[in-house]
Amino acid sequence: MTREFQVQGVRVSELARRYGTPLFVYDGTVLRDRFHGLRDRLHPAMEIFYSLKANPNISICALLHSFGARAEVSSLVELTTALRAGVPPQQVIFLGPGKSRQELAACLDTGIYAVVCESIPEVALVDELARERGVKAPVALRVNPRFAVKRSGLAMGGRPRQFGIDEEELFGQTDLVKRFPDVDLMGVQVYMGTRILHETVIVENTTRILDLAERLSAALSLDLRMVDVGGGLGVSYFDGESDLDAQVLTDGLNPVIEDFTARHPGTRLIMELGRYLTAEAGTYVMGVRYTKTSMGERFAVADGGTHHHMAAVGIGSFVKRNFPMAVLNRLDEPATEEWNVTGPLCTPGDTIGKKVPLPPVRPGDLIGVHRSGAYGPTASPGLFLGHGYPAEVLVHEGRCHLVRERDRPEDLLRRQRLYDPTAPDAADVPH
Ligand SMILES: *Cc1c(COP(=O)(O)O)cnc(C)c1O
């Protein structure tokens, strides 16, 4: 018998038969091991907040919360998702550079722990909304620090950015607490960038962020009840990369955290993690529809593609690098050939893998992209050519749960309207 990819004993061919392809499969055990691998080593004062952006599926959020994760959200839907997943409001923070009045109002009305403001005008708007409600709004300031992170996949601080308030500017705003009487300035947040694969870089960032928070709170007379040190912990996808070692990382981080908590025992410390928690737990499963050759190269044309997995096109690189891939229904066959794995979109960009070493591929095979639990469908052009979202299945404690239904054509067409040339001017719609 050929060896098949299994998730907690459930064979991939069985998953494909039951739910169809393309399909995202999440392994609840991997999710738990990822969370606990860090949680059990990390200084207990550092809380882990799950960044829903990485995978906003409500069941993923609920499962991570059941292990002990809190939630970091950046939209009204993410906020609603986290609350419906059972995360208590006091374990939710909301950040993002362009929050709407409606989103900020929801932050205050649901009583979340902190609104992370990314500009002074945003603090002013929160102040106004708090006054209207007769409440004091808990606000943390996102700082765009003077220093930049080295060796991250995508730097988010230390240069001109829409995120946060420049460090220089903030140090000049010594009247901030007085200027916004209905805002409770209670914290500092810094997020340096994503895909960091060097333990020392994360330790260095954290050290600098805690130091910055300390200096800033003194300069602005903030009651520093929270510091969010961001995170940006990466996972390896490509040849030549290697995963972070949770032991090495926490051996470096814990003394820094201990040192800070000794001086600020009442301050809540937060690390926001998305990719690190979910990437490894997910596999994108595609069915091969056709195989062919073109000008000497082999192509496996699959039913899934970059509309569900844009990240697989290549992250921050001009050279196409492949995610780890395999023919899931024949794991024991040696990879003796090179295959281009492409999807149904009418663009050459719909190439999930280029010259991937695989065994001879046949129609009906199931090709899997590993480490696909983060930045999948919701970070991809899912509506391109009207394909819509794939099904998502969570396997946990040996049981399969359909956690997102596949989009059907009706789902995708529902919100479009065929115009009537004889109709009067359309009425305004609420927005
Ligand atoms: C995207 C983002 C995260 C999550 O990033 P990962 O690299 O997936 O962990 C956390 N915080 C902020 C501010 C972000 O923008």
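As the structure is a computational prediction, the values presented were derived from the model and not from experiment.

1. Focus on the pattern of salt bridges
Step number 1: Applying the stated rule across the entire model yields 33 salt bridges.
Step number 2: Arg 32 serves as the salt-bridge partner of Asp 33, at 4.0 Å between the closest nitrogen and oxygen.
Step number 3: One salt bridge connects Glu 214 with Arg 263, and the closest N-O pair in it is separated by 2.4 Å. Taken together, the residues Glu 214 in helix α9 (residues 199-220) and Arg 263 in helix α10 (residues 246-263) connect sequence positions 49 residues apart.

2. Points about the domain arrangement of the chain
Step number 1: Structurally, the chain comprises domain 1 (88-273) and domain 2 (280-412).
Step number 2: Spacing between the C-alpha centres of domain 1 and domain 2 amounts to 35 Å.
Step number 3: Listed per partner, the contact involves seven residues of domain 1 and six residues of domain 2.
Step number 4: Between domain 1 and domain 2 the total buried area reaches about 720 Å² when both faces are included, carbon and sulfur atoms providing 56% of it.
Step number 5: For domain 1, the biggest contributors to the area lost against domain 2 are Arg 195, Tyr 237 and Phe 238; these three give 73% of the whole.
Step number 6: Where domain 1 packs against domain 2, one counts one salt bridge.
Step number 7: Linking Arg 371 and Asp 243 is a salt bridge whose minimum nitrogen-to-oxygen distance equals 2.8 Å.
Step number 8: The tally of links between domain 1 and domain 2 comes to two residue pairs in polar contact (both at pLDDT 80 or more).

3. What to know about the pairing of strand β13 (residues 226-231)
Step number 1: The buried count for β13 comes to six of six residues, which makes it a mostly enclosed element.
Step number 2: Where strand β11 (residues 183-189) meets β13, three bridges bridge the pair, whose relative direction is parallel. For Val 188, the partnering residue across the bridge sits in β13 and is Val 227.
Step number 3: Pairing between β13 and strand β14 (residues 268-273): four bridges, direction parallel. In the strand pairing of β14, Met 226 is matched with Arg 268.
Step number 4: With α10 bridging β13 and the parallel β14, this β-α-β connection has right-handed handedness.

4. With respect to unusual backbone geometry
Excluding glycine, most residues fall at negative phi; most peptide bonds, likewise, are trans.
Step number 1: With an omega dihedral of -5 degrees, the bond running from Thr 21 to Pro 22 counts as a cis peptide bond.
Step number 2: Of note, Glu 397 is a non-glycine position whose phi angle comes to about 50 degrees, a positive value.
Step number 3: Tracing the backbone through its elements, the reader meets Glu 397 in the loop between β21 (391-396) and β22 (399-404).
Step number 4: Residue classification places Glu 397 among the exposed residues on the basis of a relative accessible area of 56%.

5. What to know about the site of the ligand
Step number 1: Looking at the ligand, there are 14 residues lining it, with Lys 53, Thr 194, Glu 272, Arg 275 and Tyr 375 nearest.
Step number 2: The separation between an oxygen atom of the ligand and a polar side-chain atom of Lys 53 is 2.8 Å.
Step number 3: Within the side chain of Tyr 191, a nitrogen or oxygen atom sits 2.9 Å from an oxygen atom of the ligand.
Step number 4: Surface burial for the ligand is 96%, taken as the share of its 390 Å² of free accessible area covered by protein chains.
Step number 5: Residues belonging to the shell around the ligand are distributed by class as follows: five nonpolar, four polar and five charged.

6. Digging into the nonpolar core
Step number 1: Of all hydrophobic cores here, the largest spans 105 residues; its most connected members are Leu 64, Val 139, Leu 141, Val 227, Leu 233 and Ile 367.
Step number 2: Counting residues per element, this core draws most heavily on α9, at nine residues.
Step number 3: Formed jointly, this core draws a minimum of three residues from each of two domains, domain 1 (88-273) and domain 2 (280-412).
Step number 4: What Leu 141 contacts, discounting residues up to four positions off in sequence, is Cys 117, Val 123, Ile 165, Leu 170, Leu 176, Leu 185, Gly 187, Val 188, Gln 189 and Leu 220.

Analysis parameters
Residues numbered from 1 in each chain as written. Predicted model: local features only at pLDDT ≥ 70, side-chain atom pairs only at ≥ 80, totals over all residues. Heavy atoms only, no water. Salt bridge = Lys/Arg side-chain N within 4 Å of Asp/Glu carboxyl O. Helix = DSSP H or I, 4+ residues; strand = E, 2+ residues; numbered from the N terminus. Domains from an automatic or database assignment. Contact = heavy atoms within 4.5 Å. Buried area = accessible area lost by both parts, 1.4 Å probe. Polar contact = N/O pair within 3.5 Å; in protein donor to acceptor, adjacent residues only side chain to side chain. Buried < 20%, exposed > 50% of the residue type's maximum accessible area, 1.4 Å probe, protein only. Pairing = 2+ DSSP bridges. Right-handed = clockwise from strand over helix to strand, strands pointing away. Near = heavy atom within 4 Å. Areas by Shrake-Rupley, 256 points an atom, 1.4 Å probe, with all protein chains shown as cover. Nonpolar A, V, L, I, M, F, W, Y, C, P; charged D, E, K, R; others polar. Core = buried A, V, L, I, M, F, W, Y, C linked by side-chain atoms within 4.5 Å.

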